[in-house]
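Structural overview
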Amino acid sequence: MIKSSEAYQKAIVADGRRIYVKAVIDIIDPDIVQGDVSGSEQQEGISRPGQLWDKKFESTANYASMEPGRSLLSGWYISLPADSATRDWEAGYTGAALSDWDGVFPVPQIMQIEFANVSILQAMSVAFSDRPEDGVGADFTVEVFSEGVAYYTKEITGNNDPLVPITGWRVNNPDKIRVTVTRWSLPRRRMRGIEIVPGVYEVWTGNELASVSVKMQGDVSCLTLPYGTAVIKMDNQNRRFDPRTKDGVFLSIEERQGIEIYMGPRLPNGTIEYKRLGTFYQASGGWKDSDNSVTMQWSLVDIVGLIAQRTYKAQGALPATLKGWIQSLAGQLGVNFVSRIRVDPEYENLPVTATAEAIQNLTCGDILRYVCMATGTWPRADASTGFLAAEPLWNEGSKITLDNVIRYPAMSANDDVASVTINGQYFEGTSKAAQRTENVSNPFIKGNEYAAAKAILPTFGGNKLEITGRGEPASEIGDVDTVWLAEGNATCARRVRQELAFSNGVLTRCKSNFVRGDGLFLFENRVQILESGTWTVPEGVWRIRVLLVGHGSAGSSGTPGGWIKVYGNKDNEPPEEDAWGKDGKNGPGGKIWEGILDVNPGQVIQIKTGAGQSDTVLWKYSSKDGKVYPNGYTDVATGDVFGRTGVSNGKPGSGDGGVGGTGGSAGYWYNQGHWYYDDGYVPPPDKDWGGSGVDPSYDAPGHWEIETVIESYPTAGTPGSSGATGSAVIYWETPEVIEDDGT
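Below is a short write-up of the structure. Computed from a predicted model, the values in this text were never measured in an experiment.

A separate point is the pairing of strand 40 (residues 667-677). In the sheet, strand 33 (residues 563-565) pairs with strand 40 via three bridges, with the strands oriented parallel. Pairing of Ile564 across the sheet is with Tyr668, part of strand 40. By the bridge criterion, 10 bridges tie strand 40 to strand 41 (residues 702-712) in an arrangement that is antiparallel. Residue pairing across strands places Tyr668 opposite Ser712, the latter belonging to strand 41.

Before going further, it helps to spend a moment on helix 5 (residues 364-375). Taking 1.5 Å per residue as the helical rise, helix 5 with its 12 residues ought to reach 16 Å, and the 17 Å between its terminal C-alpha atoms agrees with that figure. Buried within helix 5 we find Cys364, Gly365, Asp366, Ile367, Leu368, Arg369, Tyr370, Val371, Cys372, Met373, Ala374 and Thr375. Within two residues after helix 5, Gly376 carries a phi angle of roughly 75°, on the positive side.

Let's shift gears to the sheet that holds strand 5 (residues 120-128). Taken in spatial order, the four strands of this open sheet run 3-10-5-8, and their pairing is antiparallel. The open sheet is flanked by strand 3 (93-98) and strand 8 (163-172), the only strands paired with a single partner. For this sheet, the mean angle separating the axes of adjacent strands, direction not counted, is 25°.

Next up on the list: helix 6 (residues 449-456). Taken together, the buried positions of helix 6 are Glu449, Ala452, Ala453, Lys454 and Ile456. The inward-facing, buried residues of helix 6 abut helix 5, strand 22 (419-422), strand 23 (425-428), strand 32 (543-549) and strand 34 (592-598).

A positive phi angle, near 70°, is found at Cys222, a position not held by glycine. Within the secondary structure, Cys222 is located in the loop between strand 12 (209-217) and strand 13 (229-235). Residue class for Cys222 comes out buried when judged on its relative accessible area of 1%. The phi torsion at Trp619 lies on the positive side, around 60°, for a residue other than glycine. As for its placement among the helices and strands, Trp619 is situated in the loop between strand 36 (617-618) and strand 37 (621-622). The exposure class of Trp619 is partly exposed, given its relative accessible area of 40%.

Before going further, it helps to examine the pattern of salt bridges. Taken as a whole and assessed by the stated rule, the structure comprises 21 salt bridges. Asp139 is paired through a salt bridge with Arg183; the nearest N and O atoms lie 2.8 Å apart. One end of the pair, Asp139, is in strand 6 (residues 137-146); the other, Arg183, is in strand 9 (residues 176-184), and 44 residues separate them in sequence. On the accessibility criterion, Asp139 (17% relative accessible area) is buried. Of the charged contacts, one joins Arg644 and Asp656 as a salt bridge, the two residues approaching to 3.3 Å between their closest N and O atoms. A residue pair is termed long-range when its members are at least 10 positions apart, and Arg644 in the loop between strand 39 (641-642) and strand 40 and Asp656 in the loop between strand 39 and strand 40 qualify at 12 residues.

Now for the environment of Thr491. Looking at the secondary structure, you find Thr491 in strand 27 (residues 489-503). Residue Thr491 is classed as buried on the basis of its relative accessible area of 6%. Between the C-alpha atom of Thr491 and that of Val641, which follows or precedes it by 150 residues, the distance is 7.2 Å.

This next bit is on the packing of helix 3 (residues 322-331) against helix 5. Close contact between helix 3 and helix 5 brings their axes to 10 Å; oriented N to C, the two are set at 165°. Classified by the angle between their axes, helix 3 and helix 5 sit roughly antiparallel to one another. As helix 3 runs across helix 5, the sense of the crossing is left-handed. Across from Leu322, Trp325, Ile326 and Leu329 in helix 3, the residues of helix 5 making contact are Cys364, Ile367, Leu368, Val371 and Thr375. Of the residues assigned to the contact of helix 3 with helix 5, the class counts are eight nonpolar, one polar and no charged.

Under the counting rule described, the total for this entry stands at 21 aromatic pairs. Ring geometry for Phe128 and Trp184: centres 5.5 Å apart, planes at 85°, overall edge-to-face. A residue pair is termed long-range when its members are at least 10 positions apart, and Phe128 in strand 5 and Trp184 in strand 9 qualify at 56 residues. Taking relative accessible area as the criterion, Phe128 reaches 1% and is therefore assigned buried.

This part covers the sheet that holds strand 32. Judged by pairing direction, the sheet is antiparallel, and its four strands sit side by side in the order 30-42-32-34 without closing on themselves. Edge positions in the sheet fall to strand 30 (525-529) and strand 34, since each of these pairs with one other strand and no more. With strand direction ignored, the average angle separating the axes of adjacent strands in the sheet is 15°. Sheet analysis places strand 30 next to strand 42 (residues 727-732), joined by five bridges and oriented antiparallel. Of the residues in strand 42, the one forming a bridge with Val527 is Ile730.

Quick notes on the rules
- Residue numbering note: each chain is counted from 1, following its sequence as written.
- Reporting of local features is limited, given that this is a predicted model, to residues whose pLDDT is at least 70; pairs of side-chain atoms are given and counted only at 80 or more, and all residues count toward the totals for whole chains, interfaces and linings.
- For the side-chain quantities, the full set of heavy atoms in the structure was used; hydrogens and water were omitted.
- Pairing between two strands requires that DSSP report at least two bridges joining them.
- In this description a helix means any DSSP run of H or I spanning at least four residues, a strand means any run of E spanning at least two, and both kinds are numbered starting from the N terminus.
- For a helix, the expected span equals 1.5 Å multiplied by the residue count minus one.
- Burial status follows relative accessibility: with a 1.4 Å probe on protein chains alone, a residue under 20% of its type maximum counts as buried, one over 50% as exposed, and anything between as partly exposed.
- As a rule, the C-alpha atoms of each element are fitted with a line to give its axis, helices using only the stretch in contact, and angles between N-to-C directions run from 0 to 180 degrees.
- Two residues qualify as a contact provided that any one of their heavy atoms is within 4.5 Å of a heavy atom in the partner residue.
- By definition, a salt bridge exists where a carboxyl oxygen of Asp or Glu is found within 4 Å of a side-chain nitrogen of Lys or Arg.
- Oblique is the label for any angle not covered by the other classes, which are roughly parallel (under 35 degrees), roughly antiparallel (over 145) and roughly perpendicular (65 to 115).
- In this scheme the crossing of two helices becomes right-handed for a clockwise turn of the near helix relative to the far one and left-handed for an anticlockwise turn of less than a right angle.
- Only Asp, Glu, Lys and Arg are considered charged, only Ala, Val, Leu, Ile, Met, Phe, Trp, Tyr, Cys and Pro nonpolar, and every remaining residue, Gly among them, polar.
- Side-chain rings of Phe, Tyr and Trp, where Trp is taken by its six-membered ring, are said to pair if the distance between their centres is within 6.5 Å; with planes under 30 degrees apart they count as stacked, over 60 as edge-to-face, and otherwise as tilted.

Structure representation (structure tokens):
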């Protein structure tokens, strides 16, 4: 689950929401090698020439200077700090010379980048500072070189734009771009170049994107290697991407060029919180023009799909660790891909070896599956970075209520498997009557077939769940989502596939598929202990799996209501909305700790849990050493959900937190005037002609009094519900049978 703000979490499930999409188009040669950055004299301590390469277009160097407009007493600009040379800001190439009062530089200002391994260049961009007070290059020349010869030169005059794209040309085997600025748009300013882009690097939104469809999928068992795909249909009326247009950029489009796709809701403050769905690459033949080239369609795959069918070519000695193999596999796409990996730090140094002969007929996709299977991880394209990832499973995800789905979840039977055989070692499956069997020959598994089988078996049996909803960009493949079918009833399953389709400004009818297997079948025995006591390890059992669930917290009470004045002057009265009591906060679920312990047969284990126990303790382990899961901890072995937040009637032993109480209602009052006769006379109702309580036929002194009338009294807030008690859940394997050898 990709992290998101509280405002995002509310906006994504709101009755009325607005979803936005954007794509970062990166048509830069994937094999480009960055070279030197050089040019005119720089402003020492300020300039960051290396940032001409970093694809960041916003200047953050907000220091004060003697240039007009950069010393405003607004609190925004800071005096030039003594540590400016090490200050982390985006300044780009900042020249030392100042322009004259007419903007002309006494000496032309130059910035240039050098590079290698680029076969063709048809487009580029120059980005100056995006701060209006800094100005931009008004008159400048762009030159594109190959082996010292400028094969393309473009003079630009009268420019007022901070970002200047330059297309409609072609240079083969380029190696240098030089930008020479002769006049600045403002007087007495330094040249500030933020970026030089050797290609096309643009951010497209709904104005350029006709439709975006993204499919993300994975297989945590490592038996198959599904991968993510995306289809983008973009505006092409200017024929920039038409293969028949000679001055377009079609020839620059290569396999392995990444496109980052983002979706997100508009928040109440007007901003958009985008979530990255991943980086997708054009595979061979992944384009198609349509509508007489009014639109261009790209079919893309994620980094897993990019390497899946490639032939593995070893570069020197074979890797010996998980991280080494993941780097080597990503490196098959080019040297720039070696760093685009993500491996869990606790797993990256696990030994993984195989001989060259054993892998000679395997594809990169086969090797990726097998090294993950051998290390207890699973392969995926990380959505937040687009990197090739190898990580263990997690047990967190989102909360899905029926309010957020278009139709009731459809449930069907998941596939059973009769047996799993790994490198000749047999393991009983989920159903002996099943027609399906799995036979794995993995050269990287050497003696840990048992662990691999335990990872494979939970993906079979049980149920499959299909949900058609409104779409949640923050969800990831591998999440264990909790589906609240009713207030007191929840089920869960692991997300293995989801589709997000955006068209005509709408994100809806997005399908997600989940698998809820029968569990960790090798830990086939289970007991949940709800009260303090002891538990004896069965004979023949040497290892147990333990889940310790702490007591859930109660929801806090709602605050009492206040007063609302109904009539009369309200100038000094508090706002009416403040008179309603605030709802109490939901109580968080109890902390949860999970682990596998080595034990001895017949061992008696002391357990403290249930009523009166905030933490569940088993032996020397405690739930207080675990963590709180806001959407609940899903035990994949059984599908049970523990430690949810805000449950009105949590089951004993679940550790669910209680629901916050509701705020009290407001009371209503007003002031009313009345005439009273000093002698106590009270006019009859039919004599009250001259005002409130005044009898025109009765002449006697009196006085006017103001009375407070209460229409209703405020009510107290209701108390929050109690949190559910915790428990200890113990799983153990079928006891081993050890034959007596008679000695």
